[in-house]
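Examining the three-dimensional arrangement
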Amino acid sequence: MAIKIKSEQEIALLRESCVLAAEVLARAGEIVKPGITTDDINTFVHNMTIKAGAIPSPLNYHGFPKSVCTSVNDVVCHGIPGNQVLKEGDIINIDVTCLLNGYHGDTSRTFAVGKITPNVKRLMDVTERAMDDGIAVATAGAYFGDIGSAIQELADEFGYGIVREFCGHGIGRVFHEEPNVLHYRSRDRGERIREGMVFTIEPMLNEGKPGVFVEKDGWTVRTRDGSLSAQYEHTIAITRNGPEVLTRLD
Ligand code: MF3
Ligand code: CO
Ligand code: CO
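Here we summarise the structure given alongside this text. Note that the structure is a prediction, hence the values are computed from the model and not measured.

**Here's the deal with the sheet that holds strand β11 (residues 212-214)**
- Reading across the sheet, the 3 strands line up as β3-β12-β11 and stay open at both edges, with antiparallel pairing between neighbours. Unpaired on one side and paired on the other, β3 (75-77) and β11 mark the two borders of the sheet. Adjacent strand axes in the sheet meet at a mean angle of 40°, parallel and antiparallel pairs treated alike.
- Here β3 runs beside strand β12 (residues 221-223); their pairing, made up of 2 bridges, is antiparallel. What sits directly across from C77, in β12, is V221.

**As for unusual backbone geometry**
- The amide bond that connects E178 to the next residue, P179, takes the cis arrangement and shows omega of 0°.
- Counting through the fold element by element, P179 comes out in strand β8 (residues 177-181).
- The backbone of H78 sits at a positive phi, close to 60°, despite the residue not being glycine.
- Tracing the backbone shows H78 in the loop between β3 and β4 (91-100).
- Unlike most non-glycine residues, N101 shows phi in positive territory, near 50°.
- Tracing the backbone through its elements, the reader meets N101 in the loop between β4 and β5 (103-112).

**Side note on the site of ligand 1**
- Surveying the vicinity of ligand 1 reveals 14 residues, the closest of which are D95, H169, H176, E202 and E233.
- One nitrogen or oxygen atom from the side chain of T97 is found 3.4 Å from a nitrogen atom belonging to ligand 1.
- D106 places a polar side-chain atom, nitrogen or oxygen, 3.1 Å from an oxygen atom of ligand 1.
- The residue makeup of the shell around ligand 1, split by class, is 6 nonpolar, 4 polar and 4 charged.

**What to know about the nonpolar core**
- Residues F144, I147, I193, F199, I201, L205 and I236 are the most contacted members of the largest nonpolar core, which totals 32 residues.
- Counting residues per element, the ones that place at least two in this core are α3 (118-136), α4 (144-158), β9 (198-201) and β14 (234-239).
- At 7 residues, the largest contribution of residues to this core is made by α3.
- Those residues within four positions of I147 in sequence are excluded, and the remaining contacts are G134, V137, A138, V181, L182, I193, F199 and I201.

**With respect to the environment of I201**
- One can find I201 in strand β9.
- Along the chain, I201 and R129 lie 72 residues apart, while their C-alpha atoms are 12 Å from each other.
- Contact partners of I201, with chain neighbours within four places excluded, come to M131, G134, I135, I147, I151, V181, H183, Y232, E233, H234 and I236.

**Focus on the pattern of salt bridges**
- One pass over the structure, following the stated rule, counts 10 salt bridges.
- D39 is the salt-bridge partner of K66, the closest N and O atoms lying 2.9 Å from each other. With K66 in the loop between β1 (55-56) and β2 (69-72) and D39 in helix α2 (residues 38-51), this residue pair connects regions lying 27 residues apart in the sequence.
- A salt bridge links R222 to E215, with the nearest nitrogen and oxygen atoms 2.3 Å apart.
- Linked by salt bridges that have partners in common, K4, K6 and E177 make up one network.

**Digging into the sheet that holds strand β10 (residues 204-206)**
- Ordered in space as β6-β10-β13, the 3 strands form an open sheet in which the pairing is antiparallel. The outermost strands of the open sheet, each flanked by one partner alone, are β6 (161-162) and β13 (229-231).
- Alignment of β6 against β10, held across 2 bridges, turns out to be antiparallel. The residue bridging I162 from the neighbouring strand is L205, located in β10.

**As for the coordination of the cobalt ion (ligand 3)**
- Within the protein, the cobalt ion (ligand 3) binds to D95 (OD), D95 (OD), D106 (OD) and E233 (OE); these donor distances fall in the range 2.1 to 2.4 Å.
- Coordination at the cobalt ion (ligand 3) is irregular, judged from the 6 donor atoms that bind it and the angles of 58 to 166° they form at the metal.
- Counting along the primary sequence, the residues that act as donors to the cobalt ion (ligand 3) give the motif D-x10-D-x126-E.
- The metal-metal distance between the cobalt ion (ligand 3) and the cobalt ion (ligand 2) is 3.3 Å, with D106 coordinating both. One end of the pair, D95, is in strand β4; the other, D106, is in strand β5, and 11 residues separate them in sequence. Both residues of the pair, D95 and D106, belong to the buried class.

**Let's talk about the coordination of the cobalt ion (ligand 2)**
- Distances from the cobalt ion (ligand 2) to its protein donors, D106 (OD), H169 (NE2), E202 (OE) and E233 (OE), fall within 2.0 to 2.3 Å.
- Bound by 6 donor atoms, the cobalt ion (ligand 2) shows angles of 51 to 161° at the metal and therefore irregular coordination geometry.
- For the cobalt ion (ligand 2), the donor residues sit on a single chain with the sequence spacing D-x62-H-x32-E-x30-E.

Calculation rules
Residues numbered from 1 in each chain as written. Chains lettered and ligands numbered in written order. Predicted model: local features only at pLDDT ≥ 70, side-chain atom pairs only at ≥ 80, totals over all residues. Heavy atoms only, no water. Pairing = 2+ DSSP bridges. Helix = DSSP H or I, 4+ residues; strand = E, 2+ residues; numbered from the N terminus. Axes fitted to C-alpha atoms, helices over the stretch in contact; angles between N-to-C directions. Near = heavy atom within 4 Å. Polar contact = N/O pair within 3.5 Å; in protein donor to acceptor, adjacent residues only side chain to side chain. Nonpolar A, V, L, I, M, F, W, Y, C, P; charged D, E, K, R; others polar. Core = buried A, V, L, I, M, F, W, Y, C linked by side-chain atoms within 4.5 Å. Buried < 20%, exposed > 50% of the residue type's maximum accessible area, 1.4 Å probe, protein only. Contact = heavy atoms within 4.5 Å. Salt bridge = Lys/Arg side-chain N within 4 Å of Asp/Glu carboxyl O. Donors = N, O, S within 2.8 Å, 3.2 Å for Na, K, Ca; no water. Tetrahedral: all angles 85-135°; square planar, octahedral: opposite > 155°, others 65-115°.

This is how it looks when you write it as structure tokens:
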């Protein structure tokens, strides 16, 4: 199977689901504060998505039990919302995916809970910059491998571990489709990036080593060494003028 090329009309529909996901994410971020639970975030995301006439893509996806992923501190990704109470100094990634008009839009950010230390702020800022650096090189004619190289160049500068087990992905009528977008340098430069491709870039950087494990719940991914992990994600479309971030609000 080859990487799908989306038409202008498909990209217009993707833009709508992506803007909704970005709006839900921004609003969910506003309720983050010490004392709320990750289930409060789930309820908020679920209700806002449904009100907009969309479906939260995570719900029942391969059996995922909730409408959003909430990943706190050493949880790398796929955290399941529950009764965990957020406390001052935590960080939390909220990963929102909406299915609207038949197309998925996928975006995430890491938020600080109250006041955080400068080291934690740096992990968050560098992870966002790593995503932005990956996006910047995603132009038609470049290779998918260029994205991972750009991300690794920045992560290495700070000594952060790049999670290797989870990748960015093509997205459209299907939540996860080809290709896998690696966030680290690889000898295999992968396929060429072409106009009309739509995919996510979503690096996870650990303050410590890159290793992770999956909890017995089958979903929650944690750093092996217990260090903090941050993640940012955008869905982008490749246009003749370069990458268009579909999940950006302006
Ligand atoms: N939103 C995640 C991603 O960026 C995938 C979540 S799958 C779920 O690809 F089942 F955990 F929701
Ligand atoms: Co994704
Ligand atoms: Co996501």
